[in-house]
Amino acid sequence: MTKRILLGTVATALVIAAAYANFFIAPTERTMGVIQRIFYFHAATAWAGEMVFFVCFVGNLLYVWKREQKYDWLGVTCAEVGIACISIVLITGPIWAKPVWGIYWTWDARLTSTFVLWLLYISYLLLRTLIEEPGRRALLSALFGIFAFLDVPLVFFSIRWWRTQHPAPVVMGGQGSGLDPTMSKVFFFNVLVMHVFCAFLIVERYIVEKLRHDVDLLQREAEVQ
Amino acid sequence: MSLLSNTSALLGKELRTEFRSRELLTTTSVFILIVLVLFSFATNPGTEEARQFAPGLLWLAILFASSLMFQSCFLREQVNDTLSSLRLAVSDPFAIFLAKLIANTLFLLLTEALMLPFFAIFYNITLWSQLPILWLVLLLGSAGIAVAGTAISAISAQARMRELLLPLLLLPLLTPILVVSATVTGGLLDRDPVVQWKGIAFLAVFDVVFLTALWIFGQYFLEE
Amino acid sequence: MKNLDSVFAAYVIGWGIFFVFFLSIVRRTATLRSEVDRLKNQLPKAR
C-alpha cells in the first residue's frame with residue numbers, strides 16, 4: 001500500500017513539475033508561439049501510450065504462452081490506460097493543429113495509424129465484453145491483441161508510402177531535428193513524467209482486476225456453502 | 001507431408017460444400033454488385049473524378065462483402081460441432097486454417113471475377129491491357145483479406161453479437177490492404193497505366209506476416 | 001498572447017481525461033473492496 005502511495009505522490013509531483021517546465025522553463029517557439037507548448041504534453045503522452053500498448057502486446061504473448069491470469073489482467077489494464085493516452089493525443093493534436101495549420105486533421109501516416117491503433121484497442125475491449133467465459137475471453141482477446149499490434153506498423157508504412165503527401169505540415173516529430181536544447185530537455189522530461197504517470201495508472205487499474213478475481217473466488221466459495 | 005495432405009483434403013471439403021449450394025458465392029456477388037450500384041448513385045460514375053475514386057470503391061466493396069462472407073466460415077462448424085471432428089482428424093490445426101483461407105481466397109477471387117465486368121462498365125474503365133497484373137493485385141489483396149478474415153472469424157464465432165463483431169475487428173486490421181490495393185489498382189487503371197511493384201511487394205509482405213502469425217498462433221484459436 | 005486559450009484547453013481536456021479515468025478506477029476499486037468485505041462477512045456466518 002505504501003509503495004502505491006509513494007508512486008502516486010511521485011507521479012503527481014512530476015506532473016506538476018512538468019507543467020511548470022512546459023510553461024515557465026521552455027522558451028517560446030519563434031514561429032508558432034505559445035501554442036507550441038501543447039507539444040510537450042501531446043508528444044510525451046503519445047510515446048507513453050505506445051509504450052503502454054507494447055506492454056499490452058507483451059502481456060498478450062505471455063498469456064498465450066503461460067496461461068497465467070496475471071498476464072490477462074496486465075493486457076486489459078494496459079489497453080485501457082493506452083486508450084486514455086491515445087484519446088488525449090487525438091484530442092490535443094487537433095487543438096494544436098487548427099491555429100497552426102488551419103485544419104483540425106490530415107490523413108498522414110502518423111495521425112492515421114494513431115487513429116487505427118485507437119480503433120483496434122477499442123475493439124479489443126469490446127471483444128472482451130462479448131465473451132463470458134474468463135479463460136476463453138483471455139485467450140481470444142490476447143490473440144486479437146497480438147494481431148492488432150502486428151498490424152500497426154503495416155498501417156503506418158502503407159499510409160506513409162502510398163498516400164500523396166499534400167503540402168501537409170510535418171507533424172510534431174519534424175521539430176525533433178534541430179530542437180532547441182532547453183526544449184529538448186523539457187520534452188524528454190515530459191516523456192519520463194508521462195511514463196511514470198502511466199505506470200501509476202497501470203498499477204491502480206491492475207488492482208481492479210485483482211479485486212474482481214477475489215470477488216469471483218469469494219462468490220464461488222459462498223455458493224459452495 | 002501430412003500438412004499438405006490434410007489441407008488438400010479439407011480444402012476439397014470446403015469447396016465441395018460451397019459448390020453444392022453456391023449460396024455464399026451468389027449472395028456475396030450480388031452484395032458487391034449492390035454496393036457498386038449504391039456507390040454509383042452516391043457519386044457520379046461518368047465523370048473524371050469518379051474514375052479516380054473507382055479503384056477505392058471497388059476495394060471497399062470487396063472489403064464489405066468479405067466481412068459478410070467470413071461470417072459463416074467457422075459458424076458452420078459449430079452447428080453440428082464438426083469443429084471437434086476436424087480437430088481430431090488433423091495432426092496440425094493449421095491445416096484447418098490453411099484450407100479455409102485458401103477456400104476463402106478462391107471464393108473472393110470468383111466473386112471479383114464476376115464483378116469486374118460490371119465495374120468496368122459502370123465506371124467506363126478498360127481492364128484488358130492490365131489484366132494479368134490486375135489479377136496479381138486481386139490475388140494478393142484477397143489473400144490478405146482471407147488470412148485476416150479467417151482468423152477473426154474464428155474469434156468472433158466464439159463471442160456474442162458476432163455479425164457486428166466480425167467487421168468491427170476485421171476492417172481496422174485491413175486498412176493497409178485497402179490503402180495499398182486501391183492505390184496500386186488505381187495506377188493500373190489510369191490512362192497511362194503504371195505498375196507499382198513496391199505496392200505489390202507490400203501486399204505480399206502483409207500476407208506473409210499474417211500467415212506466419214496464424215501459423216504460430218492458429219492452434220490456440222481452436223482450443224476447447 | 002494569442003492561442004493561449006487553446007493551450008489551456010488542451011491541457012485541461014487532456015488532464016481532465018486522465019482525471020476522469022482515475023476517478024473511474026477509484027470508484028471501481030471502492031465498489032469491489034466493499035463487495036469483498038461483504039462476502040467475507042457472509043462466509044463465517046454460513047459456517
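The following paragraphs examine the structure supplied in this document.

About the thresholds
Residues numbered from 1 in each chain as written. Chains lettered and ligands numbered in written order. Predicted model: local features only at pLDDT ≥ 70, side-chain atom pairs only at ≥ 80, totals over all residues. Heavy atoms only, no water. Helix = DSSP H or I, 4+ residues; strand = E, 2+ residues; numbered from the N terminus. Buried < 20%, exposed > 50% of the residue type's maximum accessible area, 1.4 Å probe, protein only. Areas by Shrake-Rupley, 256 points an atom, 1.4 Å probe, with all protein chains shown as cover. Contact = heavy atoms within 4.5 Å. Lys, Arg positive; Asp, Glu negative; His and termini not counted. Charge placed at Lys NZ, Arg CZ, Asp CG, Glu CD. Buried area = accessible area lost by both parts, 1.4 Å probe. Salt bridge = Lys/Arg side-chain N within 4 Å of Asp/Glu carboxyl O. Polar contact = N/O pair within 3.5 Å; in protein donor to acceptor, adjacent residues only side chain to side chain. Core = buried A, V, L, I, M, F, W, Y, C linked by side-chain atoms within 4.5 Å. Axes fitted to C-alpha atoms, helices over the stretch in contact; angles between N-to-C directions. Parallel < 35°, antiparallel > 145°, perpendicular 65-115°, else oblique. Nonpolar A, V, L, I, M, F, W, Y, C, P; charged D, E, K, R; others polar.

A tally of regular secondary structure across chain C gives one helix and zero strands. The dimensions of chain C, computed from C-alpha atoms along their principal axes, are 70 × 10 × 5 Å. The buried share among the 47 residues of chain C stands at 32%. For chain C, the computed accessible surface area is about 3,200 Å², with 65% contributed by carbon and sulfur atoms.

A tally of helices and strands in chain A yields six helices and zero strands. The linear arrangement of helices and strands in chain A, starting from the amino end, is α-α-α-α-α-α. Overall size of chain A, expressed as C-alpha extent along the three principal axes, is 70 × 45 × 25 Å. Summarising the internal contacts of chain A: among those between residues at least 6 apart in sequence, 80% fall at separations of at least 24. Working note: accessible area of chain A is about 10,200 Å², and carbon and sulfur atoms make up 66% of it. Charge-centre separation for chain A: the mean point of 19 positive side chains lies 7 Å from the mean point of 16 negative side chains.

Once that is clear, we can look at the environment of Ser29 of chain B. Residue and element names in this part refer to chain B. By the element assignment, Ser29 lies in helix α2 (residues 23-42). Sequence separation between Ser29 and Gly199 is 170 residues, and the spatial gap between their C-alpha atoms is 26 Å. Here Ser29 is in contact with Thr111, Leu114 and Met115, once residues within four sequence places are set aside.

Take the interface of chain B and chain A next. The interface is formed by 30 residues belonging to chain B together with 30 residues belonging to chain A. Here chain B packs against chain A, burying approximately 2,900 Å² in sum over the two surfaces, 76% of which is carbon and sulfur. On the chain B side of the interface with chain A, the three residues burying the most area are Arg160, Phe202 and Phe217 of chain B, jointly 18% of the side's total. Where chain B packs against chain A, one counts two salt bridges. The residue Arg160 of chain B makes a salt bridge to Glu132 of chain A at a minimum N-O spacing of 2.2 Å. Applying the counting rule to chain B against chain A returns six residue pairs in polar contact (both at pLDDT 80 or more). A per-element tally of the side of chain B that touches chain A places helix α10 (residues 197-221) of chain B first, with eleven residues.

One finds Phe144 of chain A, Phe119, Ile145, Leu214 and Phe221 of chain B together with Phe18 of chain C to be the most contacted residues of the largest nonpolar core, which totals 166 residues. No other element matches the 17 residues that helix α6 (residues 181-224) of chain A contributes to this core. Ignoring sequence-local partners within four residues, the contact set of Leu214 of chain B consists of Phe147 of chain A together with Phe94, Phe97, Leu101, Val147, Ala151 and Phe221 of chain B.

Right, let's talk about the interface of chain A and chain C for a bit. In this complex, chain A contributes 37 residues to the contact, which on the side of chain C involves 30 residues. In total, about 3,100 Å² of surface goes out of reach between chain A and chain C, with carbon and sulfur atoms giving 81% of it. The largest share of the area that chain A buries against chain C comes from Val34, Leu211 and Leu218 of chain A, three residues that together contribute 18% of it. Ionic pairing is found between Glu80 of chain A and Arg28 of chain C, a salt bridge with its closest N-O pair at 3.1 Å. Where the side of chain A that touches chain C is concerned, the elements lending two or more residues are α1 (2-25), α2 (38-66), α3 (69-101) and α6 of chain A. For the side of chain A that touches chain C, the element with the most residues is α6 of chain A, which contributes 16 residues.

All names here are of chain B. Running from N to C, helix α1 (residues 2-21) and α2 point in directions that differ by 65 degrees, and their axes come no closer than 6 Å. Put simply, α1 runs roughly perpendicular to α2. When α1 is examined against α2, the residues Glu18, Phe19 and Ser21 are found in contact with a partner set consisting of Glu23, Leu24 and Leu25. In terms of residue class, the contact of α1 with α2 is made up of three nonpolar, one polar and two charged.

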